[in-house]
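Below, each chain spelled out in residue letters.
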Amino acid sequence: MAGTTTGIPRNVTQGATKGGIGESTLRPDGTLKVTGEFAYSSDMWHEDMLWGQALRSTVAHAEIVSIDTSEALAMDGVYAVLTHEDLPAAKNYGMEFQDTPVLAYGKVRHHGEPVALVAADHPETARRAAAKIKIEYRELPLITDEASATAPDAILVHENRNDHHAGHVPHPNIVHRQPIIRGNAAEAARRADVIVKGEYTFGMQDQAFLGPESGLAVPAEDGGIDLYVATQWLHSDLKQIAPCLGLPEEKVRMTMAGVGGAFGGREDISMQILASVLALRTNKPVKMVYNRYESFFGHVHRHPAKLYYEHGATKDGKITHMKCKIVLDGGAYASSTASVVGNASSLSVGPYVINDVDIEAIGLYSNNPPCGAMRGFGAVQACFAYEAQMDKLAAELGMDPVEFRQLNAMEQGTIMPTGQRVDSPAPVAELLRRVKARPMPPEQQWLAAGEQADVRALPGGLSNTTHGEGVVRGVGYAVGIKNVGFSEGFDDYSTARIRMEVINGEAVATVHTAMAEVGQGGVTIHAQIARTELGVTQVTIHPANTQVGSAGSTSAGRQTYMTGGAIKNSCEIVREKVLEIGRRKFGSYHPAWANAELLLEGGKVVTDGGEVLTTLVEVLEDEVVEVEEEWRHRPTEAFDLVTGQGNGHVQYAFAAHRAVVEVDTELGLVKVVELACAQDVGKAVNPLSVVGQIQGGTTQGLGVAVMEEIIVDPKTAKVRNPSFTDYLLPTILDTPTIPVDYLELADPNAPYGVRGIGEAPTLSSTPAVLAAIRNATGLELTKTPVRPEHLTGTGA
Amino acid sequence: MRVNFTVNGRKQEADDVWEGESLLYVLRERMGLPGSKNACEQGECGSCTVRLDGVPVCSCLVAAGQVEGREVVTVEGLADYAAHRTDAHPGGGCASGACGTSIDAAKQWQARPQDGRTGEAGTLSPIQQAFIDAGAVQCGFCTPGLLVAADELLERNAEPSDADIREALSGNLCRCTGYEKILDAVRLAAVRQGEAV
Ligand code: FES
Ligand code: FES
């Protein structure tokens, strides 16, 4: 019965079985993780294994004239040195477009692209051997921005495009273009009493998950391969890996190894094919672990963006129209750029009612590092710009920025610029009200500790740069809208296999899915759902692998909704089968078996009136019930390529932030004092994880506001800061308290009413911090991240 | 070269160690103790934090040769270490002899699937339990290093203020949690430790 289960969310058995949905149950992998026993992908070990190492290009755009591997191959301990010529089958892979070479051939298109591979018996041997490979490059002109990409005579990043967008883009160096035209923006602009324009720049952010890209490829006797890796979507990897290895999919057996964070950065293939090719070639297990430097080249980043916005409003504070152009730099390979473009355009208005819009979003091919999925996926960049515009409009009208937003806030029933009606709660004004109503953190907290200023609470912290003189406070607000799940007509589904049996005298459920647990807590809530639906206490989570159907990606805030939905759906069928067995065995003893609504609760079969009929153990005895079902959300459709109209999204998520900052105006140092969040989560399946996800997402937005950026030299397209020394991440000292207030307004179309949680808090956090810094300093600040030189006027 | 040192109370020796190998590499790849994590190998993230003669260090920055004759405690030995805090203090070795993982046992370690058990197996140190209870573990990659650093803080300072906690853990990056729950965990462990006394 694959299909869509919809209807009013009902929590029939909620609370009846311990550890069910709505409770803050603890992670099943927690003990392993705190004792160091949890096996992450970089912990894999096999007898007699080799270490793989890639050699990456030192230039961004060049023809490869020659590759000489002889010296490397001659080294002691080296088992293989490979170039594209040694690849067994398909030379390219890719999630949406198959444009990414396993190993560069003909030319390299970005700094850090893999060109050759080594397998050796010690990682240091492999590194030294890689350094001995000689590659001669003939450098080519660089495409680094919109102007160089779309010039009529521009060199093409990909000469022979045959992807499905190639036919309609205005230039072959544009991956995808999505306009949205609704109403008449030009005409509506005439009604505006004020018009504000802005140009914004969003820097390139890195997911910077802590667990490096890594894994182990083990050649199997049947000529296939067993692959243990950290990924966000096993089955998507499998589809891309098998053709490159020249193997049928069933000979590529993938098992999820422990994942140390993902945030979108593991949606694309990294070391999977490289290690497998080495393992097949050497016929030995090959372990590959990127070091941090390599990790910065080994995954796609968040698209840097230029955003040009115009808004108008009437004197009474109603927004008349919006025009925008969003340019996203996708870098050398497409990855998910086309979908990011779709998101950026369709969410570019933000959570506001604007009937007359003229929108265009494009994604470029360039010789910059490839960009793809990262938490917030195209909605983040837009939110940064439209929220700055909201503050500008409010200021222009002399209105309070929160009241102005509330006046224009969308709600359930609002029509999106794509023509889609929002058919579930959209509490935008309420979320803003909640963060605004929260008490302010005390002023001058650095003095609160005692007589002496506690410098740790000041901008600059222990560097002792100030004792409070020249420090000013600012407050800023922002709110954002994010789609949940895969959009634009994608056949998005998940699969769950549920087994129920009696083990050691107790009814036990086993949940087997291919879902990637990347830290978000899916494993915790999957057990909660099974407990709730099946009334058992003991739930075993089977390791994720490709021996069960696809669970789709752990991204887009979709896993609780999708795989959670699949588990719920499969459990409902298991429940029916269990009741059938019960009816068969005990039906003649009690009329309730035939005519009452029966539930499974606390290991028993009970009537909806609460009468206990029997135990699950007695029903099942030695029978095993097993069900594997797919689950789909309601269908979506592609956006029209000219007008942008279409019911493209499944669900929307909303979060609002209030940032309080203190700025040392002399030195340009910022201390974020508090970053309060209010979010609608639909249903908090696990309140503890909900809050943790919101705080984590908020912190990534804070990072982009004040420190995080991959810096690409515009002259060479080389990455300048691929290390944790140079790419700055928020530490515990940079991160303020993050009070969280969540609403639970059920989405009537989602299982239990859930709403994707992980992404929305990443959106509004950045513009809220920027707004607070603007409020403190009076500066315009149109770029992320804000650096000291922007605050002191000593730099661009 | 050969390196002799004590890990989690057990004497260990590692042979054929390259000059350039870090303590982190020797622990993870030679001793079969992968609990200490490899996130930056540059001293920036603290995921590899272990105690060397009682002092928290980034094991990725310690050359293996430097630990000759010294005492190392990793996350794998944290529970034992906390249980024997008084009798097996920095450099002291394990008085009961019951601590640690033998090299043979350690070598047996293999990547294995997670079975999703909640795991009451073994006793955890207060800080380990607090991390679980407070929801301070998400992906958990930062967790071993944070635990070692936080345990050392609580050993030094039984009632740390928030500013003390932030200062002590400022060398440990976490990308998932936003740190709030990590603060909660350290506060919780401090309270529980105080109640236990
Ligand atoms: S791995 Fe040692 S500090 Fe990052
Ligand atoms: S929990 Fe993932 S890095 Fe801290």
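Here goes a summary of the coordinates provided. Given the structure is predicted, the values throughout are model-derived calculations rather than measurements.

## Quick notes on a negative patch on the surface
Residue and element names in this part refer to chain A. A contiguous patch of negative charge, built from Glu576, Glu580, Glu597 and Asp608, is present on the exposed surface. Within the secondary structure, Glu597 sits in the loop between helix 16 (592-595) and strand 24 (598-601). Overall, Glu597 belongs to the partly exposed group, its relative accessible area being 45%.

## Some thoughts on the nonpolar core
All names here are of chain A. Val252, Ile273, Met500, Leu534, Val578 and Val605 are the most contacted members of the largest nonpolar core, which totals 88 residues. If one sorts the elements of this core by residue count, helix 15 (residues 559-586) sits on top with ten residues. In this structure, Leu328, Cys383, Ala388 and Phe404 belong to the second largest nonpolar core, which totals 76 residues.

## With respect to the pairing of strand 1 (residues 3-7) of chain B
Residues and elements named next belong to chain B. Taken across its five residues, strand 1 has four buried, putting it largely inside the fold. Sheet topology note: the strand 1/strand 2 (residues 10-14) ladder contains five bridges and is antiparallel. When the sheet's bridge partners are listed, Thr6 is paired in strand 2 with Lys11. Two strands pair when backbone bridges link them, and strand 1 and strand 5 (residues 71-73) are joined in this way by two bridges, in the parallel orientation. Counterpart to Thr6 in the pairing with strand 5 is Glu71.

## A word on the packing of aromatic side chains
Considering all chains together, one arrives at 15 aromatic pairs over all chains under this definition. Each ring, one from Trp233 of chain A and one from Phe490 of chain A, has its centre 6.4 Å from the other, and the planes form 70°; the classification is edge-to-face. Here Phe490 of chain A lies in the loop between strand 20 (471-484) and strand 21 (493-503) and Trp233 of chain A lies in the loop between strand 12 (225-229) and helix 6 (234-245), a separation of 257 residues in the sequence. A residue is classified by how much of its surface remains accessible, and Phe490 of chain A, at 40% relative accessible area, is partly exposed. Taking the centre distance of 5.8 Å and the plane angle of 55° together, the rings of Tyr561 of chain A and Trp631 of chain A count as tilted. In this pair, Tyr561 of chain A is assigned in helix 15 and Trp631 of chain A in strand 27 (residues 625-632), connecting sequence segments 70 residues apart. As far as burial versus exposure is concerned, Tyr561 of chain A and Trp631 of chain A are alike and both buried. Chaining the aromatic ring pairs together yields one cluster made of Phe38 and Tyr40 of chain A together with Phe141 of chain B. The cationic tip of Arg56 of chain A hangs over the ring face of Tyr290 of chain A; the distance from NZ or CZ to the ring centre is 5.0 Å.

## Digging into the sheet that holds strand 20 of chain A
All names here are of chain A. On the basis of which strands lie adjacent, the open sheet formed by four strands has the order 20-28-29-30 and mixed pairing. In this open sheet, the two strands that pair with only one neighbour each are strand 20 and strand 30 (740-743). Across the sheet, the axes of successive neighbouring strands diverge by a mean angle of 20°, strand direction being ignored. The pairing of strand 28 (residues 651-664) with strand 29 (residues 669-680) spans eleven bridges and is antiparallel. Residue Val660 lies in a different strand from strand 29, and its bridge partner there is Glu674.

About the criteria used
Residues numbered from 1 in each chain as written. Chains lettered and ligands numbered in written order. Predicted model: local features only at pLDDT ≥ 70, side-chain atom pairs only at ≥ 80, totals over all residues. Heavy atoms only, no water. Patch = residues over 30% accessible without salt bridge, like charges linked within 9 Å, V, L, I, M, F, W, Y side chains within 5 Å. Areas by Shrake-Rupley, 256 points an atom, 1.4 Å probe, with all protein chains shown as cover. Salt bridge = Lys/Arg side-chain N within 4 Å of Asp/Glu carboxyl O. Lys, Arg positive; Asp, Glu negative; His and termini not counted. Charge placed at Lys NZ, Arg CZ, Asp CG, Glu CD. Helix = DSSP H or I, 4+ residues; strand = E, 2+ residues; numbered from the N terminus. Buried < 20%, exposed > 50% of the residue type's maximum accessible area, 1.4 Å probe, protein only. Core = buried A, V, L, I, M, F, W, Y, C linked by side-chain atoms within 4.5 Å. Pairing = 2+ DSSP bridges. Phe/Tyr/Trp six-rings, centres within 6.5 Å; stacked < 30°, edge-to-face > 60°. Lys NZ or Arg CZ within 6 Å of the ring centre and 35° of its normal. Axes fitted to C-alpha atoms, helices over the stretch in contact; angles between N-to-C directions.

None of the figures reported here should be taken as evidence of function without further support.
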